[in-house]
Amino acid sequence: MENNPILLQVSDMSKSFPGVQALNNVSLNVKKGTVHALVGENGAGKSTLMKCIFGIYHPDKGTLKLEGTTVSFSEPKQALDNGITMVHQELNQVSRLRVMDNIWLGRFPMKNGIVIDEKKVLNDTKTIFSNLEIDINPLTKVEKLSVSERQMIEIAKAASYNAKIIVMDEPTSSLSEKEVAHLFRVINKLKEKGCGIIYISHKLEEIFSIADEVSVMRDGNMISTEKIEDINIDNVITLMVGRKLDNRFPKKTNKTDGILLEVKNLSLVYSQLVKNISFTLKKGEILGIAGLEGSMRTEIIEGLFGYRTKESGEIIVNNSLCKNNSPSNSIKNKFALLTEERKYNGIFPGMTVKDNIMISNINEYCKFGVINDEKVNKDVFKIIKSLNVKTPSEKAMIRNLSGGNQQKVIFGRWMLTSPDILLLDEPTRGIDVGAKYEIYQLIIELAKEGKGIIMISSEMPELLGVSNRILVMSNGKIAGIVNTEETNQEEILRLAAKYL
Ligand SMILES: Nc1ncnc2c1ncn2[C@@H]1O[C@H](COP(=O)(O)OP(=O)(O)OP(=O)(O)O)[C@@H](O)[C@H]1O
Ligand SMILES: [Mg+2]
């Protein structure tokens with residue numbers, strides 16, 4: 001790797017937004033045929049740097065050299081034409097179009113110069129998919145696909161440009177372990193072809209299995225670049241947060257009490273796999289839900305929250321029956337749901353941070369049609385401060401916040417509805433190590449107040465580190481409910497595979 005030539009050279013790049021210096025004289029060299037990891041806390045400037053390279057943002061200063069030649073792109077199309085592609089952190093797909101149309105959008109091969117050559121589109125898509133071992137029907141509409149399948153399509157699209165540089169911004173945030181292994185095979189193939197891959201991730205373990213070099217950013221500055229064999233995970237964390245972080249999980253100081261929620265024989269109409277799900281949740285308890293992708297974890301909590309139609313089943317809270325037949329009814333019954341995919345059902349991108357925080361709690365602030373702005377501001381500032389949301393002001397558009405900070409805002413939104421039962425679907429996805437700790441602390445605090453928390457997570461250490469009991473799903477059925485203190489990773493994985 002030492003002798004690999006430099007493919008992409010970023011020098012002294014700066015970029016500011018109103019109120020934020022997002023990049024401050026940042027330099028980065030990416031070598032041919034290597035994976036270069038880029039890490040840093042939420043808001044450190046990773047995505048901004050990539051967007052500057054890709055022509056989405058125009059840097060205030062700095063130069064970009066591709067294979068020794070100075071280049072600058074005023075729009076992504078020019079970057080693509082020069083062999084730089086990017087898989088974005090937030091998926092940007094046209095859901096009502098088919099898979100293959102999404103891949104070739106804007107550059108369809110034409111027949112006789114007038115009609116789209118559908119056959120070629122289909123065949124070319126199939127070729128790319130088979131090269132990358134992707135098993136998705138190119139004719140399916142994107143809206144029918146899972147988040148992870150959508151992510152795979154983005155990667156296939158990037159590969160389809162014969163790219164020299166592929167930027168992957170948190171590519172595995174919604175992939176299962178098996179899919180991550182698949183992605184890594186794909187990355188190694190691209191590497192063999194001589195691609196340089198810039199790999200952004202908050203999953204630090206994973207960086208050590210795929211990257212050749214790692215660069216660490218903090219507050220818009222490039223702190224250091226190291227060869228992967230010269231560094232370990234603790235060093236990386238220290239460089240990221242600027243101090244030593246001793247524990248990755250706070251102490252579980254919550255105590256459980258009597259039964260808060262009882263779910264009896266829950267079955268869903270459109271998710272036929274989910275049949276007769278029964279379990280209980282105690283006051284003050286954090287119940288983790290484990291399972292593989294497709295094991296119907298999300299479906300269950302969406303069913304509880306009234307996002308999905310129930311075929312049958314009872315939801316009993318404090319001995320009284322709750323209908324929860326719509327999200328608004330569930331909110332009335334003091335449930336809250338933090339969804340898995342911010343962009344599709346979480347944030348309102350065109351609204352401010354403040355509005356995004358207050359929206360689910362609007363009835364609390366509204367008396368006789370007038371909004372009590374003072375009360376709103378007080379709550380909004382409380383959330384921004386307690387969750388350490390990095391934003392220039394509460395009036396900033398949420399879409400301008402870094403991915404992890406958007407997640408914190410949504411978390412804050414639900415805190416304000418003061419729910420009794422919190423349903424959390426991958427609550428720390430895309431969140432950096434320091435902020436994760438803060439979220440865990442918050443979850444434990446809520447449990448200490450006597451609330452019940454159900455938390456889906458694909459990160460096993462997180463489930464074991466935070467929850468009191470773990471319910472393991474396998475193919476739509478409950479494979480077991482275990483006490484966290486008496487179980488381990490192997491047992492959970494074995495249960496997760498029970499009904500496959
Ligand atoms: N279009 C924009 N307008 C205003 N501020 C922006 C814009 N894009 C980014 N920022 C700000 O620049 C800073 C860096 O954000 P960036 O998205 O690059 O962080 P990141 O390192 O990718 O974080 P994460 O890990 O959360 O994705 C943040 O403070 C963010 O709010
Ligand atoms: Mg980012």
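Residues numbered from 1 in each chain as written. Chains lettered and ligands numbered in written order. Predicted model: local features only at pLDDT ≥ 70, side-chain atom pairs only at ≥ 80, totals over all residues. Heavy atoms only, no water.

(A) Structural detail: the site of ligand 1. Taken together, 20 residues lie around ligand 1, and G43, K46, T48, H202 and S402 are the ones closest in. Contact between ligand 1 and S47: an oxygen atom at 2.8 Å from a side-chain N or O atom of the residue. Breaking the shell around ligand 1 down by element, the ones donating at least two residues are β2 (20–31), α1 (46–53) and α15 (403–416). Element by element, the count of residues in the shell around ligand 1 is highest for α1, at 3 residues. (Near = heavy atom within 4 Å. Polar contact = N/O pair within 3.5 Å; in protein donor to acceptor, adjacent residues only side chain to side chain. Helix = DSSP H or I, 4+ residues; strand = E, 2+ residues; numbered from the N terminus.)

(B) View of the sheet that holds strand β1 (residues 6–17). The antiparallel open sheet is built from 4 strands, whose spatial order is β2-β1-β4-β5. Because the sheet does not close on itself, it has two edges, and the strands there are β2 and β5 (69–71). Strand-to-strand, the axes of this sheet are offset by a mean angle of 25°, without reference to chain direction. As paired strands, β1 and β2 are joined by 8 bridges and run antiparallel to one another. Along β2, the bridge assignment pairs Q9 with N29. (Pairing = 2+ DSSP bridges. Axes fitted to C-alpha atoms, helices over the stretch in contact; angles between N-to-C directions.)

(C) Spatial organisation of the packing of α15 against helix α16 (residues 433–448). Two elements in contact, α15 and α16, have axes whose closest approach is 12 Å; the angle formed by their N-to-C orientations is 10°. By the angle between their axes, α15 is roughly parallel relative to α16. Between α15, through K408, F411 and M415, and α16, the contact on the second element is made entirely by A435, E438, I439, L442, I443 and L446. (Parallel < 35°, antiparallel > 145°, perpendicular 65-115°, else oblique. Contact = heavy atoms within 4.5 Å.)

(D) Quick peek at the pattern of salt bridges. Summed over all chains, the structure comprises 21 salt bridges. E394 is paired through a salt bridge with K395; the nearest N and O atoms lie 3.4 Å apart. A relative accessible area of 12% means that E394 is categorised as buried. Ionic pairing is found between E426 and R429, a salt bridge with its closest N-O pair at 3.9 Å. Using a relative accessible area of 11% as the deciding quantity, one classes R429 as buried. (Salt bridge = Lys/Arg side-chain N within 4 Å of Asp/Glu carboxyl O. Buried < 20%, exposed > 50% of the residue type's maximum accessible area, 1.4 Å probe, protein only.)

(E) A look at the layout of surface pockets. Looking at the second largest pocket, its volume works out to about 1100 Å³. Lining the second largest pocket are 38 residues, and of these S146, V147, S148, E293 and G294 lie nearest its centre. Among the elements of the structure, α5 (147–160), α6 (177–192), α9 (297–304) and α11 (342–345) are those that each provide at least two residues to the lining of the second largest pocket. Per-element tally for the lining of the second largest pocket: the top contributor is α5, with 5 residues. Among the residues making up the lining of the second largest pocket, the classes are represented as 11 nonpolar, 9 polar and 18 charged. Two domains share the lining of the second largest pocket, each providing at least three of its residues, namely domain 1 (6–241) and domain 2 (259–496). (1 Å grid on protein atoms, 1.4 Å probe; cavity = no way out; pocket = protein on both sides within 12 Å on 5 of 7 lines; lining within 4 Å. Points joined across faces, edges and corners; volume = space filled by probe spheres on them. Nonpolar A, V, L, I, M, F, W, Y, C, P; charged D, E, K, R; others polar. Domains from an automatic or database assignment.)

(F) Structural context of the domain arrangement of the protein. When cut into domains, the protein gives domain 1 (6–241) and domain 2 (259–496). Computed over C-alpha atoms, the centres of domain 1 and domain 2 are 30 Å apart. Between domain 1 and domain 2, the contact holds 27 residues from the first and 20 residues from the second. Here domain 1 is connected to domain 2 by 1 salt bridge. K390 is the partner of D219 in a salt bridge, and the nearest nitrogen-oxygen pair spans 3.1 Å. For the pair domain 1 and domain 2, the number of links is 3 residue pairs in polar contact (both at pLDDT 80 or more). Broken down by secondary-structure element, the contributors of at least two residues to the side of domain 1 that touches domain 2 are α5 and α8 (233–241). Top element by residues in the side of domain 1 that touches domain 2 is α5. It accounts for 3 residues.

(G) The pairing of strand β16 (residues 310–317), seen in detail. The sheet contact formed by strand β13 (residues 259–268) and β16 spans 6 bridges and is antiparallel. When the sheet's bridge partners are listed, K264 is paired in β16 with E314. By the bridge criterion, 3 bridges tie β16 to strand β17 (residues 320–322) in an arrangement that is antiparallel. Residue pairing in the sheet places I316 in a bridge with L321 of β17.

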